Structure formats: structure tokens, C-alpha cells
Amino acid sequence: MTAAFELFAEKGFDGTTTRSIAERADVNEVTLFRTFGSKEALFRQVAKDMLPLRRIKAGVDFGAEGTAEEVLVRNARLVLDVLKENRHIFMMLVGELWRHPELKEEVGVEVFDQAVQFVTAQMQVMIEDGRLRNVDPFVAARSWMGMVQSHFLLNYLIGPGNIDPDAEDRLLRGWADIFVNGAGRG
């Protein structure tokens, strides 16, 4: 899998051959086809395996001690740290899914749906323990994820690649406050 990921990242989906993957992995090309069936299936599996969703799920805890704002900020920091460490995966994946829309459904949408389901369940925890009011946990999940993901995209993928830690902390705390308390006058 590592050899395939490295080549997809270096040369893209179209520029990578199963022969080059087999050579780098030191396996027979036939083994790749027996195992995965096609280059497309191998790409799908590599993308799913390399995305850090499992690591995020293992670290995020919306049931942890603290106010809703504190829990949201702490979890957002963890997610952003994992995303930043793996930004090269997202850069490669976004480009390849844009060039190959037939791969979007299984790779992009499936993984995103898993993430949304996970965060929806975490929002439900915060609703049940009284830290959030009774709102649609799916909408809450998509809203919070949208803020964190747009921040990652704008600052770490297409932006400068970093942000002052104090400025990032201010943003995360501000978004958590607005998310929990609203921006209206009451």
C-alpha cells in the first residue's frame, strides 16, 4: 500500500502504472491484480487506508470533561493536528478525485459520510449531557465540521501552510463560542 500511495502522490493516478507499483513494492504485478482486481480498486483502497479517519476517531472525545466550547476547541485542535500531518494525502486525493469523478463516490463521499456519522454521534452525546441544546445533531455536525474543514483548506492546503498559533486559538475559541451561543442578540 505504501508503494502505491507514494507513486500515486508522485505521479498521480494516470501517471502511475501497476507495473511501477509492483516494482516499488517488490511484488509481481499479477499479485496486484489478484489482490485488488484493477488499478482503480487499488487506488480506492489506498485512499481509504491512508486517510487518517481512524486516528481522528480514536482521539476525538466529545464526552470529555469541560464546557461545550472547551470540548469543541480541544477536539478541533486534535483534528487539525492530524489533518496538518497528513496534508499531502489530502492534496493528492483532492486532485485525483477532481480528475476522476468516477472515484468520488466510493472514496470521497464514503469517507466523508463516515466522518459525518461519527461527528453526528458525538454531537448527540453533547446534546444528551446538556452541553448543547436540543438541535439536529446531523446539522450541528456538518456545521462544526464545515468550520474546521474550511480553516484547514484555507490555511493549510491552499493558503500559506501555517497560521500563528495564537491567531488559530482565537479563531477556534471564537467559532466554538458562536457555535454554542450563537451570534445573535438573544
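Residues numbered from 1 in each chain as written. Predicted model: local features only at pLDDT ≥ 70, side-chain atom pairs only at ≥ 80, totals over all residues. Heavy atoms only, no water.

This part covers the layout of surface pockets. Taken as a whole, the largest pocket encloses approximately 910 Å³ of empty space. Along the wall of the largest pocket there are 31 residues; nearest its centre are L83, F90, F112, M145 and Q149. Residue assignment for the lining of the largest pocket shows that the elements contributing at least two residues are α5 (53-59), α6 (68-85), α7 (87-99), α8 (104-128) and α9 (137-157). Among the elements that take part in the lining of the largest pocket, α8 stands out by supplying nine residues, more than any other. Here the lining of the largest pocket is composed, by residue class, of 27 nonpolar, three polar and one charged. Roughly 180 Å³ of volume is contained in the second largest pocket. Together, R131, L132, R133, V135, V139, A140, S143, F179 and V180 line the second largest pocket. Mapped onto the lining of the second largest pocket, the elements with two or more residues apiece are α9 and α10 (165-181). (1 Å grid on protein atoms, 1.4 Å probe; cavity = no way out; pocket = protein on both sides within 12 Å on 5 of 7 lines; lining within 4 Å. Points joined across faces, edges and corners; volume = space filled by probe spheres on them. Helix = DSSP H or I, 4+ residues; strand = E, 2+ residues; numbered from the N terminus. Nonpolar A, V, L, I, M, F, W, Y, C, P; charged D, E, K, R; others polar.)

Okay, the pattern of salt bridges next. Summed over the entire model, instances satisfying the criterion amount to eleven salt bridges. Note that R173 is salt-bridged to D169, the shortest N-O span being 3.0 Å. Taken as a pair, R173 and D169 lie in helix α10 at a separation of four residues, close to a single helical turn. Shared partners join several salt bridges into a network, and the residues in it are E6, E10 and R24. (Salt bridge = Lys/Arg side-chain N within 4 Å of Asp/Glu carboxyl O.)

Okay, the confidence of the model for the protein chain next. Of the residues in the protein chain, 99% have a pLDDT of 70 or more, and the chain-wide mean is 90. Looking at the elements of the protein chain, mean pLDDT is at its lowest for α7, recorded as 83, and at its highest for α10, recorded as 96. (pLDDT = per-residue confidence, 0-100.)

Turning our eyes to something else, we now look at the nonpolar core. Judged by nonpolar contacts, the single largest core of 53 residues is most densely connected at F8, F43, L72, M123 and W144. Among all residues touching M123, those that are not within four sequence positions of it are F62, L72, L132, P137, A140, A141, W144 and F179. (Core = buried A, V, L, I, M, F, W, Y, C linked by side-chain atoms within 4.5 Å. Buried < 20%, exposed > 50% of the residue type's maximum accessible area, 1.4 Å probe, protein only. Contact = heavy atoms within 4.5 Å.)

All right, on to α8 then. Taking 1.5 Å of rise per residue, 25 residues should cover 36 Å, and α8 covers 34 Å from first to last C-alpha, within 8% of that figure. By the burial criterion, the buried members of α8 are V107, V111, A115, V116, F118, V119, T120, Q122, M123, M126 and I127. Buried residues along α8 sit in contact with α4 (39-50), α5, α6, α7, α9 and α10. Taken from the residues just after α8, G130 is the one with a positive phi, measuring 85 degrees. (Expected span 1.5 Å × (residues − 1).)

So, about the side chain of H100. Tracing the backbone through its elements, the reader meets H100 in the loop between α7 and α8. The buried category is assigned to H100, whose relative accessible area is 8%. What H100 contacts, discounting residues up to four positions off in sequence, is F13 and D14.

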